[in-house]
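What follows is the residue order along each chain.
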Amino acid sequence: MADTPSGAEIQLENVTKRYPGNAEAAVDDVTMTIPAGKIVILVGPSGCGKTTTMRMINRLIEPTSGRITIDGEDVLALNGDVLRRKIGYAIQQAGLFPHFTVAQNIGVVPGLLKWNRKRIDDRVDELMDLVGLDPAEFRGRYPRQLSGGQQQRVGVARALAADPPVLLMDEPFGAVDPITRGSLQDELLRLQEDLRKTIVFVTHDFDEAVKLGDKIAVLGEKSSIQQYDTPEAILANPANDMVAGFVGAGASLKQLTLLRVRDVTYSDSTLTVPVDTSPSDLRARMLDKRATYALTLDHRRRPLRWVHVRELSSAASLAAAGRAIGDSVSTQSTLQDALEAILAEGGNAVVTGSRGEYVGTIDITTVTDTIQQLRTEHVESESVES
Ligand SMILES: Nc1ncnc2c1ncn2[C@@H]1O[C@H](COP(=O)(O)OP(=O)(O)OP(=O)(O)O)[C@@H](O)[C@H]1O
């Protein structure tokens, strides 16, 4: 993992945008610093100016007044090629060109920057691997031949193509279902661990902000900054009623989105067996270990099915015995995701590592103990303050 961020610091100084014909400014006198290598989330009500603020950074919209710098350089002084190299841009519904293949879509910016064919091809393959799309299968497909989640992955790959230090993401996961959205969020965090870009991310969804943000800027009318702080600080101490309204009910439950499965102690004592084990061998082992349930794994140790010891005497093989795993979580997932998976599974949820391999299981007690601990800490910190 890289220790130094590859991202660049962004500064907005007294930035104002007035659209022609509008009496009111869309963005009024905003000053903020977005630290290098961090994810900063802009949240706020519809029409408060989030998109306008973001698009002024890559000059899709020109500020009426004020100054924006990236790594100390005034963006107004940068030409188109330099801006494309410095800033990647991903938007809702991916914004892919429908008549371009996946490879052509990802290669757009390198093409504009006049990289040679081989360099573009290699980069496209590298990025497809990075976002979890097999180049052999997906390179030649058109956007309409992809699912919503796959399109978003291509959108992210395209934004990263020229390895820009800054990534602007405007509700990039807004148009996909909640489960796909959760896994795209996990993947972004996984990518960011290595890439350490400066990411400015616009969303309506406060839970998404808490999960992804190193810092959150809660914006009011005309992008006025109501609070700009870490998710922990905003959840614990909303600065005013507007922020409190955004945080909403159940702040202690929301803190579950701040903790990841890897931060808590999950169990690895489940009996696991390769799926080609014979049912009678497994039954003998389970009786010996007094285990009620066992988990079958494929040849890459990826979890497949839960089997109850009672189901083994009648099973011809383990391939179809027991019940397929529905929802599972990775070590990167939040405890909120884990809670949802536990509820959906009606028991322990399986935890997988970065390649989808089995690493353990997490149970409801671990989650409820963590909620209790967070509450105690919260009460203690409030009594220290008063
Ligand atoms: N091209 C434009 N011309 C005139 N007014 C505009 C233009 N684009 C945006 N606005 C106005 O500027 C304000 C801010 O819009 P903006 O899209 O930045 O808000 P937003 O917070 O991103 O909204 P949403 O969350 O609904 O996408 C709104 O009042 C909008 O109507």
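Residues numbered from 1 in each chain as written. Predicted model: local features only at pLDDT ≥ 70, side-chain atom pairs only at ≥ 80, totals over all residues.

With that settled, consider the pairing of strand S4 (residues 65–70). One ladder, built from five bridges, connects strand S1 (residues 10–17) with S4; its direction is antiparallel. From the neighbouring strand, Glu 13 faces S4, where its bridge partner is Arg 67. Inspection of the sheet shows S4 paired to strand S5 (residues 73–74) by two bridges, in the antiparallel sense. Along S5, the bridge assignment pairs Thr 69 with Asp 74. Joining the antiparallel neighbours S4 and S5 is a turn of two residues, in which Asp 71 adopts a positive phi near 55 degrees. (Pairing = 2+ DSSP bridges. Helix = DSSP H or I, 4+ residues; strand = E, 2+ residues; numbered from the N terminus.)

All right, on to the domain arrangement of the protein then. One can read the domain layout of the protein as domain 1 (10–248) and domain 2 (263–369). Each of domain 1 and domain 2 was reduced to a C-alpha centroid, and the two centroids are 37 Å apart. Between domain 1 and domain 2, the contact holds five residues from the first and five residues from the second. Among the elements that make up the side of domain 1 that touches domain 2, the one with the highest residue count is helix H8 (residues 178–195) (four residues). Within the side of domain 1 that touches domain 2, the residues separate by chemical class into one nonpolar, one polar and three charged. (Domains from an automatic or database assignment. Contact = placed C-beta atoms within 7 Å. Nonpolar A, V, L, I, M, F, W, Y, C, P; charged D, E, K, R; others polar.)

This brings us to the pairing of strand S12 (residues 293–297). Where strand S11 (residues 271–274) meets S12, four bridges bridge the pair, whose relative direction is parallel. In the strand pairing of S12, Pro 274 is matched with Leu 297. Across five bridges, S12 lies against strand S13 (residues 303–308) in antiparallel orientation. If you follow Thr 296 over to S13, its bridge partner there is Arg 305. Counted between consecutive antiparallel strands, the loop separating S12 from S13 contains five residues, among which Arg 301 sits at a positive phi close to 65 degrees.

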